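Here is how the chains run, residue by residue.
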Amino acid sequence: MLPRMREILVVPTTHWDRDWYWPFERFRVKLIELFAAAKVAWAADPTWRFSIDGQAIPVEDYLEAIPEDADMLMRLGAEKRFAMGPVYVQSDTYCTGGEAFIRNLLIGREISLRFGALQGPLYLPDSFGHVPELPMLAAGFGIRTILLMRGNDGVPGFPHDARFARWSHADGSEVRLVRLRDGYGNAANLGLARGEDTPERKASGLVQVYDPARACAQLTAAANRQLEDGQGGPFLMLAGSDHVIPRAELGEVLRAATDGNTIYRFADLNDVDRALWARDPSGWHHHRGELHAVGAGAVLGGTVSARIYLKLDNARAERALVDVAEPADAMALLVGIDDPAAAVLRTAWRRLLKAHPHDDITGCSVDAVHRENEQHIACALQAADALRRRMIVRLIAHYGGQLPGDDRQAFIAFDTSGHAGMRRFTVELDLEGRREWGDYHLPRLYAIRDEQGQAVPFRELARESSSEHPHTVLRLEVRGDLAPFAPRRFVIDPIEPLPRPEAEAEARSMILENERLSATVRADGSVDLVDLRSGAAWNGLGRWSDQGDVGNEYDFVPLPDEAERIHADLAFAHAPTAMLCGGGMRVVRMTGELRLPADASSRRIGGALVAIPVIVDYSLAPGEAWLTCRIRLRNRAKEMRLRWNATLPAKPATTRAGLKFTEVTRPAGAQPNHDGKLIPPEHPADAFVAVPLGYGISSGIGTSVVAGAGDAATGGLAVFARAPVNYEIVDDNGGARLAITLVRAVGWLGSGLGTLTPEAQCLERDLEHVFALRPYAAEESADLLAEALAWRHEALTGLIWGYNPPVQPVDHEPVIALAPGAVRVSACKRSHDRERVIVRLHNASALPAIAELRVRADRVCLLGLDEEPRGDPLVVAADGAWRVPVPPQGLVTLGLETARG
């Protein structure tokens, strides 16, 4: 019997950063050059194939300039000679949201299918680490293989040399992983002498000398590294790298390299997928969890906090779309309102996703790129807000607006998480008038009252002039009782000022207290926090620290011999400034400044200092188990890192971090160095960071807080966040602190490129971070992810105009409601094909759950994340509820159909 031929799969490709060390339009010129070369190769060799980097947006960008090539690409897709997708852009999964990644796949898949060119595997070669829920997100689209490079090396137990593994998630999803051990360009630049493929030489336009014999030798050498490692196939050669233009001569190289034992052939990633699934994976390493490690495919740790303004603005835009605009449209559909204006959500998501590629949202490109990112994010926010305003008008027309006989200014609010209860939410009101333009003026003092006339806790976040009209815009933070997907109305009620002695005593008080917490604000802006139920005390929360950073946009690099400086001498005022708040909400505002060295040179020689204005608000409302901390600052220092710190009574063994749909536990110590390279011991988090320190609920004050065991169920301190953050556990002379980065200011790109990026210094940037400080007992530990996600969730709100119809006596029941528990609504939206309403359920618990769902629908179908059917319609129970199993830290997507919508 003849020996079986070994097959080498050669994939002509390119890794296409839409923008990076050049701005987008300059790269588009090169993209046109790339497709021009591809057209020559397609014409010269009928076996030649090309894959455009696992994403769809380069095709969209190219056809925007040369639309006449669309038919050609469709024909090549049908012939399996051209492949793209499945994502729209190769996003960073730590700096963007889970629902955003699902939209990324929906849009990328739609475009790729239109061209008949959909790649099955998920290809994310250069993203800076990978969240643990990625197998679940892939499996929801029928994706069974993931290819990636970064984040594997150094993961405990992950074999250093492995090319294949199994990767699973807590919900039971599992994919096969191709680790690009030799890089995503292991067969790139074939035929060129070493040194001719540098970015500088490519950018200069110098002629590169191609040698076919050298190309053959380079290809076989790259293949032999895989052929000889004993792991078997598929043997994958990626003939392309960053912005590499394909060569038509590659077919000749394949034919020259083929011998009696080995055949080299053109392939795409679908061929890799089929070959991989023909293997028995039982001997492969099985991994569960994130891929966020170091080594040859290093995760670039400073990227989560580089150009932090992008992360803050993007998180706000994602909430505006996912929590507000999409549910408003879906709710309207369920009550029979189909507004064509909702189509703007499609363009809003495409615009926002253009800011999500891994070199964009991480802040790792030239300044011009990030100016355009800001515009993308701003346009997505504008679209979301415009639709919110329109749908509020349509929903008020259905539900009614004015309370009968009440002519006070009012607003309406809907919970969109599926749960009834007390919520803190924000409201932005354009106070243009009641019935006529300019006929309303906000009273100096007022209360916010609910429909029962009860005063509710609230505070003013901003009262300012509009940039669109000559009247006031009011931004409020309100804690009120909301109904799931049903209206609640609140009025602005003018009141008389408090008697002077009582008002002055309230203004002098630096203690915030309710039935759960007691917080004492110190003169340096820090706070001492006591959990009144357990007695656990946390002192010195909220001190600031700074340190020189001579790194780049990718990584923090400290100044030699400079220690991080803790600020205990901030020039804060002792009394809060005049603020409007009421209904039991208390706020202490500290206004002051940090004085920091102007730059790294000033740090070395003790030179000039600059003043950074800082405002810190601590607020607490009745019933809340967390203290809200709102930080605003304007950066004026360069080459530095500024952090917020929580002093810990002991160093924990581990930390916990809430990500998109799950959480991870990490060692509290520094990451190991690799090959002598300093690896900063920072980690990314999104929904929360928690420090387990081992205590439970006691009957009295005085519970001791001690270091807890690794992953045991313990109490501790959690910090909820509104946007992704970097954090670190720092040893401090026998003590410890949790440090969260507020801003990194650096001035160059890095990655072998000496490009200056002065706007990465974030000078004169106004930044706002919002945290919640949540002491938790052991009994509350399992609910942190659900609580943190609920805390950051926004409500749908809007102004009720004086001419809105009065409240109707019917149709006030929720259109969607969940029974209490860990399951929440992660998304409520119109389906991508616009034919039904999608409700996605997320179980934030580590245990399986049964969601009890009540919806105003005639038919409920189980779907995948790709919104394709997954079985027969569900059957409603006799009590009118649909009961849906949701796996641990998993997602279930439902399609709702109703005769009304």
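Here the structure is shown first, and the text comes after it.
Residues numbered from 1 in each chain as written. Predicted model: local features only at pLDDT ≥ 70, side-chain atom pairs only at ≥ 80, totals over all residues. Heavy atoms only, no water.

**A short note on empty space enclosed by the protein**
Next, step 1: Per the counting criterion, the structure on display carries seven cavities of 30 Å³ or more.
Next, step 2: By volume, the largest cavity amounts to about 380 Å³.
Next, step 3: Lining the largest cavity are 22 residues; nearest its centre among them are Gly97, Gly98, Glu318, Leu789 and Arg792.
Next, step 4: Of all elements in the fold, only helix H4 (98–114), helix H10 (308–334), helix H15 (784–792) and strand E39 (823–830) reach the threshold of two or more residues within the lining of the largest cavity.
Next, step 5: In terms of residue count, H10 provides more of the lining of the largest cavity than any other element does, six residues in total.
Next, step 6: The class makeup of the residues in the lining of the largest cavity is seven nonpolar, six polar and nine charged. (1 Å grid on protein atoms, 1.4 Å probe; cavity = no way out; pocket = protein on both sides within 12 Å on 5 of 7 lines; lining within 4 Å. Points joined across faces, edges and corners; volume = space filled by probe spheres on them. Helix = DSSP H or I, 4+ residues; strand = E, 2+ residues; numbered from the N terminus. Nonpolar A, V, L, I, M, F, W, Y, C, P; charged D, E, K, R; others polar.)

**As for the layout of surface pockets**
Next, step 1: What the largest pocket holds in volume is close to 1800 Å³.
Next, step 2: If you go around the largest pocket, you meet 50 residues; those closest to its centre are Arg316, Leu381, Glu428, Arg475 and Glu768.
Next, step 3: Elements with a contribution of two residues or more to the lining of the largest pocket: H10, helix H12 (367–399), strand E12 (421–431), strand E14 (458–465), strand E15 (472–482), strand E24 (609–620), strand E25 (627–634) and strand E36 (766–776).
Next, step 4: If you tally residues by element for the lining of the largest pocket, the top one is H12, at nine residues.
Next, step 5: Taken together, the residues that form the lining of the largest pocket break down as 24 nonpolar, seven polar and 19 charged.

**Some remarks on the sheet that holds E36**
Next, step 1: What the eight strands build is an open sheet, ordered E23-E24-E25-E36-E31-E30-E27-E28; its pairing is antiparallel. In this open sheet, the two strands that pair with only one neighbour each are strand E23 (586–597) and strand E28 (663–667). Strand-to-strand, the axes of this sheet are offset by a mean angle of 20 degrees, without reference to chain direction.
Next, step 2: Where strand E27 (residues 654–658) lies against E28, five bridges are found, and the strand directions are antiparallel. Across the sheet, the residue bridging to arginine 656 is threonine 665, located in E28.
Next, step 3: Sitting on the sheet, H15 touches E25, E27, E28, strand E30 (688–692), strand E31 (716–721) and E36, and the angle it makes with E31 is about 35 degrees. (Pairing = 2+ DSSP bridges. Axes fitted to C-alpha atoms, helices over the stretch in contact; angles between N-to-C directions. Contact = heavy atoms within 4.5 Å.)

**Concerning the packing of aromatic side chains**
Next, step 1: Inspection of every chain in the model, using the stated rule, returns 19 aromatic pairs.
Next, step 2: Arranged with centres 4.2 Å apart and planes meeting at 20 degrees, the rings of phenylalanine 35 and tyrosine 62 form a pair that is stacked. In this pair, phenylalanine 35 is assigned in helix H1 (residues 24–44) and tyrosine 62 in helix H2 (residues 57–65), connecting sequence segments 27 residues apart.
Next, step 3: A relative accessible area of 0% means that phenylalanine 35 is categorised as buried.
Next, step 4: You can call tyrosine 62 buried: its relative accessible area is 1%.
Next, step 5: In textbook terms, an aromatic cluster arises when at least three aromatic residues are bridged by ring pairs, as seen for Phe35, Trp42, Trp48, Phe50, Tyr62 and Phe82.
Next, step 6: If you follow arginine 18 out to its NZ or CZ, it ends over the ring of phenylalanine 24, 3.9 Å from the centre.
Next, step 7: The ring of tryptophan 277 has arginine 176 lying over it, and the distance from NZ or CZ to the ring centre is 3.9 Å. (Phe/Tyr/Trp six-rings, centres within 6.5 Å; stacked < 30°, edge-to-face > 60°. Buried < 20%, exposed > 50% of the residue type's maximum accessible area, 1.4 Å probe, protein only. Lys NZ or Arg CZ within 6 Å of the ring centre and 35° of its normal.)

**A look at the nonpolar core**
Next, step 1: Leu73, Phe82, Trp544, Trp644 and Leu841 are the most contacted members of the largest nonpolar core, which has 190 residues in total.
Next, step 2: At 17 residues, H10 tops the list of elements feeding residues into this core.
Next, step 3: With residues near it in sequence (within four places) discarded, leucine 841 still touches Leu818, Val823, Arg824, Val825, Ala851, Val884, Val886, Gly890, Leu891, Val892 and Leu894.
Next, step 4: Ranked by size, the runner-up nonpolar core spans 27 residues in total, among them Ile102, Leu106, Met136 and Leu137. (Core = buried A, V, L, I, M, F, W, Y, C linked by side-chain atoms within 4.5 Å.)

**Topic: H4**
Next, step 1: Here H4 is 17 residues long and its end C-alpha atoms lie 25 Å apart, about the 24 Å a rise of 1.5 Å per residue gives.
Next, step 2: With respect to burial, H4 is a largely interior element, 13 of its 17 residues being buried.
Next, step 3: Remark: glycine 116 follows H4 within two positions and exhibits a positive phi of approximately 65 degrees. (Expected span 1.5 Å × (residues − 1).)

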